[in-house]
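Residue strings, one per chain:
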Amino acid sequence: MAAHAPTASRRRWGSTVAGVLVLGVMLFPLYWMLNTALQPESGLLQVDPVPAGLDLSGFSKALGDQGGHLLTSLVVSFGAVAICLAVSAPAAYGLARFGLRGSRTIVFGTLITQMVPGIVIANALYNSYVDLGLVNSYFGLMLADASLGIPFSIVLMRSFMVSIPGEVLEAAEIDGAGPVRTFVRVVLPMSRNSLITSGLFAFLFSWSDFMFALTLNTTDDVKPITLGIYQYIGAHVGDWGSVMAASVLSAVPAAILLVLAQKYIAAGITGGSVK
């Protein structure tokens, strides 16, 4: 028994060291991005491994140049989240509870849509957007970005809503609640974890979108941060400090949301796995 204890301890230490190494490799690009942003006067190949001081001039310049684009991304992303949840939550509830014929086929087809290349969808949307007058509009970009998260949200929330006890819904019906009231007052509160998880992923999909932003906008009226950084590199390719500072600033909102919602993400993803 005692002989197995050192072996188990060594395995734990080995697993810890391996995990730290993997984490270090994954986080190194983020560190180098921040390190370069703090050395705005250095060329890309002359950056020191550790910054000698905190030179925030790159962040000041990036915020001045890209602050409006960050705000645009926030508006578009939160709008896309609202549209995504407004569509996917009722759809998931219908697929989970109303015994629709072919519901499994619908869910499978929903998953298949995520395999379609983004450039194909963007090109197809452009012609429709021209006819509808949605090109170069906030609402048009919100709709397009919402489509990135809707399939994932439907599948995730359906798996969670299936696990809601039928007795709870029957009790609401006995109390006089109709389908809509049951959905709003009972199902949505019980599905909070999956709603937050779906909303977070919808935000991340929209926040990182580049293809729709590039294809569905022909002017500078609606320019999210991804498109701003892309054009920033083209115009200021020698100023890598400002480019990296803009990249760091663009990562902050997503990082904050991930930290705040991490406990809901774990519960939301695993909530429908056990009935």
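Residues numbered from 1 in each chain as written. Predicted model: local features only at pLDDT ≥ 70, side-chain atom pairs only at ≥ 80, totals over all residues. Heavy atoms only, no water.

**Some details on empty space enclosed by the protein**
The tally for this structure, following the rule as stated, stands at one cavity of 30 Å³ or more. Lining the largest cavity we find Ser73, Val76, Ser77, Leu141, Asp145, Ser206, Trp207, Asp209, Ala213 and Pro224. Looking at the lining of the largest cavity, the elements with two or more residues in it are α2 (57-97), α5 (138-162) and α8 (192-207). Tallying contributions element by element places α2 first for the lining of the largest cavity, with three residues. Of the residues belonging to the lining of the largest cavity, the class tally is five nonpolar, three polar and two charged. (1 Å grid on protein atoms, 1.4 Å probe; cavity = no way out; pocket = protein on both sides within 12 Å on 5 of 7 lines; lining within 4 Å. Points joined across faces, edges and corners; volume = space filled by probe spheres on them. Helix = DSSP H or I, 4+ residues; strand = E, 2+ residues; numbered from the N terminus. Nonpolar A, V, L, I, M, F, W, Y, C, P; charged D, E, K, R; others polar.)

**Description of the UniProt feature "transmembrane region" (unreviewed entry) in the chain**
Feature annotation in UniProt places "transmembrane region" (unreviewed entry) on residues 12-34, 70-93, 105-126, 138-157, 195-214 and 240-261, given in this structure's numbering. End-to-end, the C-alpha atoms of residues 138-157 are 27 Å apart, and along that stretch the chain is 100% helix and 0% strand. Structurally, residues 240-261 is divided into 100% helix and 0% strand, and its ends, taken at the C-alpha atoms, are 32 Å apart. (UniProt positions renumbered as here; feature names shortened; annotations may be inferred.)

**Quick look at the side chain of His69**
Relative to the assigned elements, His69 resides in helix α2. For His69, a relative accessible area of 18% translates into the label buried. Sequence-distant contacts of His69, defined by excluding residues within four places in its chain, comprise Lys223, Pro224, Ile225 and Gly228. (Buried < 20%, exposed > 50% of the residue type's maximum accessible area, 1.4 Å probe, protein only. Contact = heavy atoms within 4.5 Å.)

**Comments concerning the packing of α2 against α8**
Two elements in contact, α2 and α8, have axes separated by 8 Å at closest approach and are oriented at 135 degrees. In terms of orientation, α2 and α8 fall into the oblique class. Crossing hand, α2 versus α8: right-handed. Every residue of α8 that contacts α2 at Leu70, Ser73, Leu74, Val76, Ser77, Phe78, Ala80, Val81, Cys84, Leu85 and Ala89 is listed here: Leu195, Ser198, Gly199, Ala202, Phe203, Ser206 and Trp207. For the contact of α2 with α8, a count of residues per class yields 13 nonpolar, five polar and no charged. (Axes fitted to C-alpha atoms, helices over the stretch in contact; angles between N-to-C directions. Parallel < 35°, antiparallel > 145°, perpendicular 65-115°, else oblique. Left-handed = near helix turned anticlockwise from the far one by under 90°.)

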